[in-house]
Amino acid sequence: MSDVKLWTWIFVGLTFSLYIGIAIWSRAKTTGDFYVADKHVHPVLNGMATAADWMSAASFISMAGIIAFAGYDGSVYLMGWTGGYVLLALLLAPYLRKFGKFTVPDFIGDRYYSDAARLVAVFCAIFISFTYIAGQMQGVGIVFSRFLEVDVKWGVVIGMVIVFFYAVMGGMKGITYTQIAQYCVLIFAYMVPVIFISLQLTGTPIPQLGFIGNSGGEPLLQKLNGLTTDLGFTPYLSGSKSVWDIAAITLALMVGTAGLPHVIIRFFTVPKVADARKSAGWALAFIALLYLTAPAVGAFSRINFIETVNDSVYEATDETATPDWFKTWEQTSLIEWDDKNDDGIVTYKAGPENEVKVNRDIMVLANPEIAGLPAWVIALVAAGGLAAALSTAAGLLLVISASVSHDLLKRVFVKDLSEKGELRAARLAAAGAIFAAGYLGINPPGFVAQVVAFAFGLAAASFFPAIVLGIFWTRTSKQGAIAGMLSGIGFTTAYISISNSSTRLPTCPTIGGSAYPPKVLAHSA
Amino acid sequence: MSNKSRGASPYWKANLKLMGILLSIWALVSFGFGIFLRPFLDQFSVGGAPLGFWFAQQGSIIVFVILIFVYTHFMKKLDAKYGSDEEQNP
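Let me begin by describing the structure that accompanies this report. (Residues numbered from 1 in each chain as written. Chains lettered and ligands numbered in written order. Predicted model: local features only at pLDDT ≥ 70, side-chain atom pairs only at ≥ 80, totals over all residues. Heavy atoms only, no water.)

**Section: the packing of helix α7 (residues 115–148) of chain A against helix α20 (residues 455–472) of chain A**
Residue and element names in this part refer to chain A.
(1) Moving on: Following both chains from N to C, one finds α7 and α20 inclined at 165°, their axes separated by 10 Å at the closest point. One element, α7, and the other, α20, form an angle in the roughly antiparallel class. Judged by the sense of rotation from one axis to the other, the crossing of α7 with α20 is left-handed. Together, Ala-121, Cys-124, Ala-125, Phe-127, Ile-128, Thr-131 and Tyr-132 of α7 and Ala-455, Phe-456, Leu-458, Ala-459, Ser-462 and Phe-463 of α20 make up the contact between the two elements.
(2) Moving on: Residue composition of the contact of α7 with α20, grouped by class: 11 nonpolar, 2 polar and no charged. (Axes fitted to C-alpha atoms, helices over the stretch in contact; angles between N-to-C directions. Helix = DSSP H or I, 4+ residues; strand = E, 2+ residues; numbered from the N terminus. Parallel < 35°, antiparallel > 145°, perpendicular 65-115°, else oblique. Left-handed = near helix turned anticlockwise from the far one by under 90°. Contact = heavy atoms within 4.5 Å. Nonpolar A, V, L, I, M, F, W, Y, C, P; charged D, E, K, R; others polar.)

**Section: the side chain of A:Asp339**
(1) Moving on: Within the secondary structure, A:Asp339 sits in the loop between β4 (335–337) and β5 (345–346).
(2) Moving on: Not counting the four nearest positions on each side in its chain, A:Asp339 is found in contact with A:Gly344, A:Ile345 and A:Glu355.

**Structural notes on unusual backbone geometry**
All names here are of chain A.
(1) Moving on: Although it is not a glycine, Ala-37 adopts a positive phi angle of roughly 50°.
(2) Moving on: Following the sequence through the fold, Ala-37 ends up in the loop between α2 (31–36) and α3 (43–54).
(3) Moving on: Ala-37 gets classed as buried once you look at its relative accessible area, which sits at 5%.
(4) Moving on: Its identity as a non-glycine residue notwithstanding, Glu-149 has a phi of 55°, on the positive side.
(5) Moving on: Locating Glu-149 in the fold gives a position in the loop between α7 and α8 (152–202).
(6) Moving on: Take Glu-149: its relative accessible area is 57%, and that puts it in the exposed class. (Buried < 20%, exposed > 50% of the residue type's maximum accessible area, 1.4 Å probe, protein only.)

**Thoughts on the environment of A:Val297**
Residues and elements named next belong to chain A.
(1) Moving on: Within the secondary structure, Val-297 is located in helix α13 (residues 273–309).
(2) Moving on: Considering only alpha carbons, one finds Val-297 and Leu-201, 96 residues apart in sequence, at a separation of 11 Å.
(3) Moving on: Apart from residues no more than four positions distant in its own chain, Val-297 is found in contact with Ala-64, Tyr-190, Val-194, Met-363, Val-364 and Asn-367.

**Concerning the interface of chain B and chain A**
(1) Moving on: Counting residues at the interface gives 45 residues for chain B, matched by 58 residues for chain A.
(2) Moving on: The tally of links from chain B across to chain A stands at 1 salt bridge.
(3) Moving on: The partner of A:Arg277 in a salt bridge is B:Asp79, and the shortest N-O contact between them spans 3.5 Å.
(4) Moving on: At the level of elements, α1 (10–36), β2 (49–50) and α3 (51–82) of chain B are the ones that each hand at least two residues to the side of chain B that touches chain A.
(5) Moving on: When residues in the side of chain B that touches chain A are grouped by element, the largest group, 17 residues, is from α3(B).
(6) Moving on: When the residues that make up the side of chain B that touches chain A are grouped by side-chain class, the tally is 27 nonpolar, 12 polar and 6 charged. (Salt bridge = Lys/Arg side-chain N within 4 Å of Asp/Glu carboxyl O.)

**Some points on the packing of aromatic side chains**
What describes a pair of aromatic rings is the distance from one ring centre to the other and the angle between the planes of the rings.
(1) Moving on: Tallying each qualifying case throughout the model produces 36 aromatic pairs over all chains.
(2) Moving on: Arranged with centres 6.0 Å apart and planes meeting at 40°, the rings of A:Phe16 and A:Tyr19 form a pair that is tilted. On the criterion of helical spacing, the pair formed by A:Phe16 and A:Tyr19 is a turn pair, its members being 3 residues apart in helix α1 (residues 2–25). The pair A:Phe16 / A:Tyr19 is uniform in exposure class, with both members buried.
(3) Moving on: Centroid distance A:Tyr314 to A:Trp337: 4.5 Å. Interplanar angle 20°. Geometry classified as stacked. Taken as a pair, A:Tyr314 in the loop between β3 (312–313) and α14 (324–330) and A:Trp337 in strand β4 lie far apart in primary sequence, 23 residues in all.
(4) Moving on: With a relative accessible area of 17%, A:Tyr314 lands in the buried category.
(5) Moving on: A connected cluster of aromatic rings, assembled from ring pairs, spans A:Trp54, A:Tyr77, A:Trp81, A:Tyr85, A:Tyr132 and A:Phe456.
(6) Moving on: Sitting over the ring of A:Tyr314, A:Lys327 keeps its end group 4.9 Å from the ring centre.
(7) Moving on: Here B:Arg38 stacks its cationic end above the ring of A:Tyr72, 4.2 Å away from the centre of that ring. (Phe/Tyr/Trp six-rings, centres within 6.5 Å; stacked < 30°, edge-to-face > 60°. Lys NZ or Arg CZ within 6 Å of the ring centre and 35° of its normal.)

Written out as structure tokens, the structure reads:
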């Protein structure tokens, strides 16, 4: 493990110095710089930054694992988190960019000629962003503790310092260029292990095609479907949820994606309206690269897991032996084995005979080891997970800081605030938000874990209708918009608190799993 | 944003028509092929994957990307035809 640790420190050190270097190079000089990178970001680069902004630790670490265990039911995340970009490109991004302002509450307040509407929008933006950011900071802490055996608390602190550097100094300008770098890091880290696994399983180096290819003479997916069915699990290809459940969750995730403020503001940074459209296309193309690979990761790792773990002999040394990575990850309690019948053989199947508890994150974290890849590839995964978490955290921080300094101070309470004063306020707000986020990352309150799963529901119910109707229906009034946003966010919050929200999303009910990771991570994009 | 003259212009009508078509395809590939029609489509296959399942996990995503670029392309044409009202914002 020490080889892995050395490589991890090297990769984390290199990527973090890169982010700090970018921060120093891209200092924000004006509020325009700070909020929207002076609207000078090339649409393709903005697409790349949006992809990193959007894909969080959960997309990187948890999603493939959820798909591996949920099979077809996992499709809700794949369709929901990508389909939202079509709505964003067609219904929101170009019009909001045309409006030419800095923030989402800017649009709401000016479109409806109402500071009350603006304040409601500020409240929604801050509420949504804080629930989402706590999970990201926690993700940073978890990667540090998992790979470097640093305490979760110190992991969060290290993450805070890095984000502090480039978000407070560079604002949107710094965040944009670091996000571009972070996209490159995370996509490289995601693809490398999968390419090798695809070669081993299907003989093709392109995992997206290996997914629909053959493995050992029969179609890989049919084989997997047979394995899961034989062992009593939910059949991989058909899942267990009703079509209406699947459709409703997918729609909520799509609309929520289009309404999340940290994604919307990215489209304020391009020079022209036409660029906003183009940029949305590129953003989805860059996201699709990972999202078309994730189902392959899910299928490959589930097959590997079943074939190498089930019926393996724990103490054996020949080819029937339980693989080494199984024992390595047992130490982290992400995998637990309880030899119920004392036969020394690992039984992995549905029902009471099952002896294996497995955390779904294993499917990405242990992938390189399962494929027998060298230590540096494992380290790469850690750097990728950190890039994914930090890029999303920074985007959310900017929403919070702009909401305070621009929407609250400049537009409502201190209208004569100077340009310099506003920039200083923006930096202070960003710094304050980082501390609050770090605190939430270290001490996640129970309600956040519940609410974050529904940051999408909240965004879908508050911002999306107020913005889309504001654009397409000239007769939408300020009273209507305010009532709509308040009842949307109120209704959704009430629903979350009276129902046990997280049980409705597909995870891995038959597998069990330890308390880690918190739900926070699993249900943010 | 909400000027009334825009409501009737041929540019706006063409824009709405394009949006209608593209959003119908958006709904068809995801909610149609990927969800409600999946059990039926699964009797066909693409490579080694049942067609409906494939649409839910890969096909719809590919179509989504294409849709946005098609939209961008046609809007560029519309802008050229009717004279773009999008000056570069300072």
